[in-house]
Amino acid sequence: IHPTGKLFVLSDGEGKHATVELSEPLDEEISGVLEVVGRVTNQATIMCMSYVQFREDKSPFDLELYNEALKIIHEFPEYFPFG
Amino acid sequence: QRIRSQNIVPCTVSQLLAAEQVDETFRIRDVEISQVTIIGIIRHAEKAPTNILYKVDDMTAAPMDVRQWVDTDEAGGENVVVLPGTYVKVAGHLRSFQNKKSLVAFKIMPLENMNEFTTHILEIVNAHMILRKNLMSASRAPQSFSAGIGDVGGYGGGGSLPVNGLTAHQSQVLNLIKNCPVPEGMSLQELKLQLHHMSMSTIKQAVEFLSSEGHIYSTVDDDHYKSTDAE
């Protein structure tokens, strides 16, 4: 997380990094797995519109598995349509 | 004949919005649905005296209205509102009113393990794929039997969700064996030829199960089977 609190870096299920920018600095501590909803910018960063922290108090979230699941759903748009 | 879905089918909100309605039934690409599950995040919660209206967002479309009726006689428990920002699994019935779709939930469960979310999205692809495959092979199977066979209606339902005690694979194998007119019955090789999407081991497993349940019996040898229900 950048010191200004307006930028943080996420690592996805394949170990690739993505930079997330916020319009307002963070007002809370964030850690662990986050789901960010936002728009991709021309600098290949994500302009964050909202985010939510995944609960991991009872069980850790398997990010690699999630990544594999994403690949599958993109392979079958007829069974997993996006709007 | 109707392929009735008696199962609860995991769906995306986008699928529910795209579902076509004919009279009282909804169909998603020809697959009939009624009870569904969705997983999404609560964006809004509004409490009224008799019900709670949530807007649940699974990111495949705009948030969907989910209504949960509240038992006004029951104190506590059921009347607790789930907070926005929480990921939930909703089980309910699809409804359409004035062309607007919504869900009437019979269960709303906050997710405690986010891996359920991953499982759900995979189950969606799996369930819809299998339901569709069942429909396709149902229309291909020989329809030469008489109108009296009521239990062939057990064809519907998801692949891994047994309907009438049989999975989709077992149903398909059983129906082919039932329709075989030859005295010595259907051979495993013939089953494999007709069910080219199933592996031989899957077919053998289905045959073993059907045989142990008494739906079929072996004839000239262990490779040939006839149905106990045959006409």
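You'll find the structure just up there.
Summary of the structure given here. (Residues numbered from 1 in each chain as written. Chains lettered and ligands numbered in written order. Predicted model: local features only at pLDDT ≥ 70, side-chain atom pairs only at ≥ 80, totals over all residues. Heavy atoms only, no water.)

**Some words on the packing of helix H3 (residues 168-178) of chain B against helix H5 (residues 200-212) of chain B**
Residue and element names in this part refer to chain B. Applicable threshold: In this description, a line fitted to the C-alpha atoms serves as the axis of each element, helices being fitted only across the stretch in contact, and the angle between N-to-C directions of two axes falls anywhere from 0 to 180 degrees. In DSSP terms, a helix is any run of H or I states spanning at least four residues, a strand is any run of E spanning at least two, and both are numbered starting from the N terminus. If an angle is under 35 degrees, it is roughly parallel; if it is over 145, roughly antiparallel; if it lies from 65 to 115, roughly perpendicular; otherwise it is oblique. For this analysis, residues touch if any pair of their heavy atoms sits within 4.5 Å. Three classes are used: nonpolar for Ala, Val, Leu, Ile, Met, Phe, Trp, Tyr, Cys and Pro, charged for Asp, Glu, Lys and Arg, and polar for all others, with Gly counted as polar.
Between H3 and H5, whose axes approach to 9 Å, the crossing angle comes to 75°. Classified by the angle their axes make, H3 and H5 are roughly perpendicular. Where H3 approaches H5, its residues His169, Gln170, Val173 and Leu174 are matched on the opposing element by Thr202, Ala206, Val207, Phe209 and Leu210. Classifying every residue of the contact of H3 with H5 gives six nonpolar, three polar and no charged.

**Side note on H5 of chain B**
All names here are of chain B. Test applied: How far a helix is expected to stretch is found by multiplying one less than its residue total by 1.5 Å. Note on classification: 1.4 Å probe, protein chains only; a residue is buried when its accessible area is under 20% of the maximum for its type, exposed when over 50%, partly exposed between these limits. The arc in question is the one spanned by the directions pointing from the helix axis to the C-beta atoms.
Between the first and last C-alpha of H5 there are 18 Å, a value that for 13 residues agrees with the 18 Å anticipated at 1.5 Å per step. Along H5, the residues that are buried comprise Ile203, Ala206, Val207 and Leu210. Viewed along the axis of H5, the buried residues span an arc of 100°, placing them on a single side of the element. Pointing more than 90 degrees away from the buried face of H5 are the exposed residues Gln205, Glu208 and Ser212. Those residues of H5 that are buried lie in contact with H3, helix H4 (188-194), strand E11 (216-218) and strand E12 (224-227). One or two residues past the end of H5 sits Gly214, with phi positive at roughly 85°.

**Observations concerning the layout of surface pockets**
All names here are of chain A. For clarity, the threshold we go by: Note on definitions: the grid is 1 Å and covers protein atoms alone; a cavity is a set of points where a 1.4 Å probe fits but cannot get out; a pocket is an open set with protein on both sides within 12 Å along at least five of seven lines; lining residues have an atom within 4 Å of a point. Grid points are joined across faces, edges and corners, and a volume is the space filled by probe spheres set on the points.
Its boundaries defined by the atoms lining it, the largest pocket holds a volume of some 1000 Å³. Around the largest pocket, the lining comprises 37 residues; the ones closest to its centre are Leu34, Glu35, Val36, Tyr66 and Leu70. Of the residues belonging to the lining of the largest pocket, the class tally is 23 nonpolar, 10 polar and four charged.

**Overview of the sheet that holds strand E3 (residues 25-28) of chain B**
Residues and elements named next belong to chain B. Note the threshold: Two strands make a pair as long as DSSP finds a minimum of two bridges between them.
Taken together, the three strands give an open sheet; going across it, the order is E2-E3-E4, and neighbouring strands pair in antiparallel fashion. Looking at which strands have only one partner, the edges of the open sheet turn out to be strand E2 (20-22) and strand E4 (31-33). Ignoring which end each strand starts from, the neighbouring axes of this sheet average 40° apart. Pairing geometry for E3 and E4, over three bridges, is antiparallel. In the strand pairing of E4, Arg27 is matched with Glu32.

**Concerning the sheet that holds strand E2 (residues 17-21) of chain A**
Within a sheet, each strand pairs with its neighbour through backbone hydrogen bonds, oriented either parallel or antiparallel. All names here are of chain A. Here four strands make up an open sheet; going across it, the order is E1-E2-E4-E3 and the pairing mixed. This sheet does not close on itself; its edge strands, each paired only once, are strand E1 (7-11) and strand E3 (34-40). Strand after strand, the sheet turns through a mean of 45° between neighbouring axes, direction not considered. In the sheet, E1 pairs with E2 via five bridges, with the strands oriented antiparallel. Looking at E2, one finds that Val9 is bridged to Thr19.

**Describing the interface of chain B and chain A**
Threshold: When two parts are put together, the accessible area they lose, computed with a 1.4 Å probe and summed over both, is reported as buried area. Salt bridges are defined by distance alone: a side-chain nitrogen of Lys or Arg within 4 Å of a carboxyl oxygen of Asp or Glu. As used in this structure description, the phrase polar contact means that two N or O atoms lie within 3.5 Å; if the pair is within protein, one of them must be able to donate a hydrogen and the other to accept it, and residues adjacent in sequence are counted only when both atoms belong to side chains.
At the junction of the two partners, chain B supplies 24 residues and chain A supplies 24 residues. For the pair chain B and chain A, the two sides together bury roughly 2200 Å², of which 67% comes from carbon and sulfur. Among the residues of chain B in contact with chain A, Glu112, Met114 and Val125 of chain B are the three that bury the most area, contributing 23% of the side total. For the interface between chain B and chain A, the tally reads one salt bridge. Between Glu112 of chain B and Lys58 of chain A there is a salt bridge; the shortest N-O distance is 2.8 Å. Where chain B meets chain A, there are seven residue pairs in polar contact (both at pLDDT 80 or more). Of all the elements in the fold, those that place two or more residues in the side of chain B that touches chain A are helix H1 (13-18), strand E5 (35-47) and helix H2 (115-140) of chain B. It is H2 of chain B that contributes the most residues to the side of chain B that touches chain A, 10 residues altogether. The residue inventory of the side of chain B that touches chain A, partitioned by class, reads 11 nonpolar, nine polar and four charged.

**Topic: the pairing of E12 of chain B**
Residues and elements named next belong to chain B. Neither face of E12 is exposed, since His224 and Lys226 on one face and Tyr225 and Ser227 on the opposite face are all buried. Of the strand pairs in this sheet, strand E10 (residues 186-187) and E12 are connected by two bridges, and their pairing is antiparallel. When the sheet's bridge partners are listed, Met186 is paired in E12 with Tyr225. Adjacent in sequence and paired antiparallel, E11 and E12 are bridged by five residues.

**Some remarks on the packing of aromatic side chains**
Using the following cut-off: Between 30 and 60 degrees the pair is tilted, below 30 it is stacked and above 60 it is edge-to-face, where a pair is any two Phe, Tyr or Trp rings, Trp via its six-membered ring, whose centres lie within 6.5 Å.
Applying the stated criterion across every chain yields a total of eight aromatic pairs over all chains. Judged by centre distance (6.4 Å) and plane angle (40°), the rings of Phe76 of chain A and Tyr79 of chain A are tilted. Its relative accessible area of 22% is what places Phe76 of chain A among the partly exposed residues. With a centroid separation of 5.4 Å and an interplanar angle of 50°, the aromatic rings of Phe80 of chain A and Phe82 of chain A are classed as tilted. The class for Phe82 of chain A is partly exposed, based on a relative accessible area of 46%. Linked through ring pairs, Phe54, Phe61 and Tyr66 of chain A together with Tyr87 and Phe117 of chain B together constitute an aromatic cluster.

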